[in-house]
Amino acid sequence: MRALQFSKYGGPEELKWDEAPDPHPGPGAVRIAVRAASVNAIDWKRLSGAMSGGQPLSGAGFLGYDAAGVVDEVGEGVTDVKVGDDVFGLGAGTQAEYAVLHAWAAKPSSIDWAVAAAAGVAGETSERVLRLLSIAAGGTVFVDGGAGGVGAVAVQMAVAGGLRVIASAGQANQDYLREIRATPVLYGEGLAGRVRAASGGRVDGVFDAVGKTPIEELMSLVSDPSQVVSIANFGAGSAGARVTGGSADSRGRAALAEVAGLLQQSQLVIKVQTFPFDRAAEAYRIVGGGHGRGKLVLVP
Ligand SMILES: NC(=O)c1ccc[n+]([C@@H]2O[C@H](COP(=O)([O-])OP(=O)(O)OC[C@H]3O[C@@H](n4cnc5c(N)ncnc54)[C@H](OP(=O)(O)O)[C@@H]3O)[C@@H](O)[C@H]2O)c1
């Protein structure tokens with residue numbers, strides 16, 4: 001099969017769409033013939049070497065943490081899907097012709113492959129953080145970075161859960177935030193004051209989806225600092241906020257099933273821009289720029 005890969009850390013120019021060994025699912029996993037795989041900020045970080053701990057790359061590096069496709073191999077103990085089923089979900093090395101998923105949900109038939117692929121990481125992360133914040137319907141959440149891949153899904157899932165949502169973005173994305181039913185504020189200096197003005201006081205929780213606002217400023221918006229949950233500021237924990245990095249708090253398949261339901265009911269709409277796999281570098285350049293709207297998705 002072919003897979004997106006790189007042989008040394010660097011920028012998008014290092015990416016190659018080339019031959020790679022076929023993956024096979026272990027117990028509790030499935031393999032899919034990939035119809036679409038999204039590009040997440042973590043792919044950019046991995047390609048750049050930011051997650052390597054200063055160690056050189058050994059062997060080829062593969063990318064992609066979510067995808068949608070058709071099940072073509074089923075691992076031992078898997079009983080809820082069969083060969084030929086359409087699914088989307090989470091895995092590793094998903095930017096390839098075939099990929100192994102460790103968590104999945106049935107793809108709603110009304111949803112495009114690209115949208116389903118885009119819903120994996122962003123949907124699971126949003127479900128996880130909103131559950132950790134546990135704000136009752138009618139409460140207010142502030143999503144810092146509400147127009148990004150994760151942020152735009154988080155805003156819509158919060159609205160679907162009955163929350164009032166205030167969200168930040170740059171000038172170019174203020175209308176987009178209104179479109180997804182958030183009250184928009186500009187990020188940058190003075191952010192906390194603008195959020196207070198929009199909410200009429202404190203908020204019940206903060207979803208830090210980008211990690212660029214000083215954590216103390218975000219903590220000033222809530223009465224209990226643990227009601228700030230960050231997915232991108234890994235130093236925030238020492239200040240009293242919470243940081244979540246994935247598997248420990250994940251509901252995996254249950255989270256993806258919830259996301260599938262919201263997609264099917266059009267309560268979650270994900271804007272996607274697609275690129276063929278052999279033009280992945282263009283998508284990576286946009287993700288690396290850090291000012292995207294919605295999600296970028298690779299397709300065969
Ligand atoms: N811990 C986890 O489980 C987990 C899971 C998924 C992602 N992540 C991390 O979460 C982060 C976001 O991922 P993503 O895929 O959503 O990235 P993304 O799509 O690249 O996010 C881009 C967004 O960030 C916004 N932004 C840029 N500067 C900002 C600032 N100073 N304040 C507020 N917003 C700002 C941009 O808004 P404008 O375009 O309007 O400027 C844009 O909408 C990444 O660091 C990623 O690695 C962590």
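Residues numbered from 1 in each chain as written. Predicted model: local features only at pLDDT ≥ 70, side-chain atom pairs only at ≥ 80, totals over all residues. Heavy atoms only, no water.

1. Observations concerning the site of the ligand
Then comes step 1: Taken together, 27 residues lie near the ligand, and Lys45, Gly149, Gly170, Tyr187 and His291 sit nearest.
Then comes step 2: The separation between an oxygen atom of the ligand and a polar main-chain atom of Gly149 is 2.7 Å.
Then comes step 3: In the environment of the ligand, an oxygen atom lies 2.9 Å from a nitrogen or oxygen atom belonging to the side chain of Asn173.
Then comes step 4: With the chains in place, 88% of the 940 Å² that the ligand exposes on its own is no longer accessible.
Then comes step 5: Counting only elements with at least two residues in the shell around the ligand, the list comes to α1 (41-48), α2 (113-133), α3 (149-160) and β9 (164-169). (Near = heavy atom within 4 Å. Polar contact = N/O pair within 3.5 Å; in protein donor to acceptor, adjacent residues only side chain to side chain. Areas by Shrake-Rupley, 256 points an atom, 1.4 Å probe, with all protein chains shown as cover. Helix = DSSP H or I, 4+ residues; strand = E, 2+ residues; numbered from the N terminus.)

2. A word on the domain arrangement of the protein chain
Then comes step 1: Partitioning the protein chain into domains gives domain 1 (2-122 + 252-299) and domain 2 (124-247).
Then comes step 2: Taking only C-alpha atoms, the centre of domain 1 and the centre of domain 2 are 25 Å apart.
Then comes step 3: Contact with domain 1, which involves 20 residues of that partner, is made by 17 residues of domain 2.
Then comes step 4: Counting each side, the surface lost to burial between domain 1 and domain 2 is near 1600 Å², with a carbon and sulfur contribution of 53%.
Then comes step 5: Inspection of the region where domain 1 meets domain 2 yields one salt bridge.
Then comes step 6: Where domain 1 meets domain 2, there are eight residue pairs in polar contact (both at pLDDT 80 or more).
Then comes step 7: Within the residue set of the side of domain 1 that touches domain 2, elements represented by two or more residues are α2 and α7 (252-264).
Then comes step 8: A total of five residues in the side of domain 1 that touches domain 2 trace back to one element, the largest contributor, which is α7. (Domains from an automatic or database assignment. Contact = heavy atoms within 4.5 Å. Buried area = accessible area lost by both parts, 1.4 Å probe. Salt bridge = Lys/Arg side-chain N within 4 Å of Asp/Glu carboxyl O.)

3. Observations concerning the environment of Glu13
Then comes step 1: The topology assignment puts Glu13 in the loop between β1 (2-6) and β2 (16-19).
Then comes step 2: By relative accessible area, Glu13 is classed as exposed at 55%.
Then comes step 3: In sequence terms Glu13 and Leu221 are 208 residues apart; their C-alpha atoms lie 41 Å from each other. (Buried < 20%, exposed > 50% of the residue type's maximum accessible area, 1.4 Å probe, protein only.)

4. Let's talk about the packing of α2 against α3
Packed helix pairs are characterised by how far apart their axes lie and by the angle those axes make with each other.
Then comes step 1: Two elements in contact, α2 and α3, have axes whose closest approach is 9 Å; the angle formed by their N-to-C orientations is 55 degrees. Judged by the angle between their axes, α2 and α3 are oblique. Of the two elements, α2 crosses α3, and the hand of that crossing is right-handed. Here Ala122, Gly123, Thr125, Ser126, Glu127 and Leu130 of α2 come into contact with α3, specifically with Gly149, Val150, Val153, Ala154, Met157 and Ala158.
Then comes step 2: Counted by class, the contact of α2 with α3 contains seven nonpolar, four polar and one charged residues. (Axes fitted to C-alpha atoms, helices over the stretch in contact; angles between N-to-C directions. Parallel < 35°, antiparallel > 145°, perpendicular 65-115°, else oblique. Left-handed = near helix turned anticlockwise from the far one by under 90°. Nonpolar A, V, L, I, M, F, W, Y, C, P; charged D, E, K, R; others polar.)

5. Some words on the pattern of salt bridges
Then comes step 1: Counted by the stated rule, this structure contains 13 salt bridges.
Then comes step 2: The partner of Lys82 in a salt bridge is Asp85, with the nearest N and O atoms 3.0 Å apart.
Then comes step 3: Among the ionic pairs, Arg279 bridges to Glu282, the shortest N-O distance being 2.8 Å.
Then comes step 4: When its relative accessible area of 44% is taken as the criterion, Arg279 is described as partly exposed.

6. Details of the packing of aromatic side chains
Then comes step 1: If you walk through the whole model with that rule in mind, you get two aromatic pairs.
Then comes step 2: Between Phe6 and Tyr9 the ring centres are 5.9 Å apart and the planes differ by 45 degrees, which places this aromatic pair in the tilted class.
Then comes step 3: A ring pair is formed by Trp17 and Phe277, whose centres lie 4.4 Å apart and whose planes are at 5 degrees; its orientation type is stacked. Of this pair, Trp17 sits in strand β2 while Phe277 is found in the loop between β14 (272-276) and α8 (280-289), placing the two residues 260 residues apart along the sequence. Accessibility classification places Trp17 together with Phe277 in one group, the buried group.
Then comes step 4: Arg253 extends its terminal NZ or CZ atom over the ring of Trp104, reaching a point 3.9 Å from the ring centre. (Phe/Tyr/Trp six-rings, centres within 6.5 Å; stacked < 30°, edge-to-face > 60°. Lys NZ or Arg CZ within 6 Å of the ring centre and 35° of its normal.)

7. Structural notes on the sheet that holds β1
Then comes step 1: The antiparallel open sheet is built from three strands, whose spatial order is β2-β1-β4. In this open sheet, the two strands that pair with only one neighbour each are β2 and β4 (61-62).
Then comes step 2: Looking at chain direction, β1 and β4 are connected through two bridges and run antiparallel. The residue bridging Gln5 from the neighbouring strand is Phe62, located in β4. (Pairing = 2+ DSSP bridges.)

8. With respect to α7
Then comes step 1: Over its 13 residues, α7 extends 19 Å from the first C-alpha to the last, a length consistent with the 18 Å expected when each residue adds 1.5 Å.
Then comes step 2: Restricting attention to buried positions, one finds in α7 the residues Gly252, Ala255, Leu256, Val259, Ala260, Gly261, Leu262 and Leu263.
Then comes step 3: Looking at the buried side of α7, the elements it contacts are β6 (86-92), β7 (98-106), α2 and α3.
Then comes step 4: Remark: Ser266 follows α7 within two positions and exhibits a positive phi of approximately 60 degrees. (Expected span 1.5 Å × (residues − 1).)

9. With respect to the sheet that holds β9
Then comes step 1: Strands sit in the order β10-β9-β8-β11-β12-β13 across an open sheet of six strands; the sheet is parallel. Pairing within the sheet leaves two strands with one partner each, and these edge strands are β10 (183-186) and β13 (242-243).
Then comes step 2: Looking at chain direction, β9 and β10 are connected through four bridges and run parallel. Note that in β10 the partner of Ser168 across the bridge is Val185.
Then comes step 3: Strand contacts of α2: β8 (140-144), β11 (205-208), β12 (228-230) and β13, with the helix running at about 155 degrees to β11, the strand carrying the most contacts.
Then comes step 4: Of the strands in this sheet, β8, β9 and β10 touch helix α5 (residues 191-199), which is tilted by about 160 degrees from β10.

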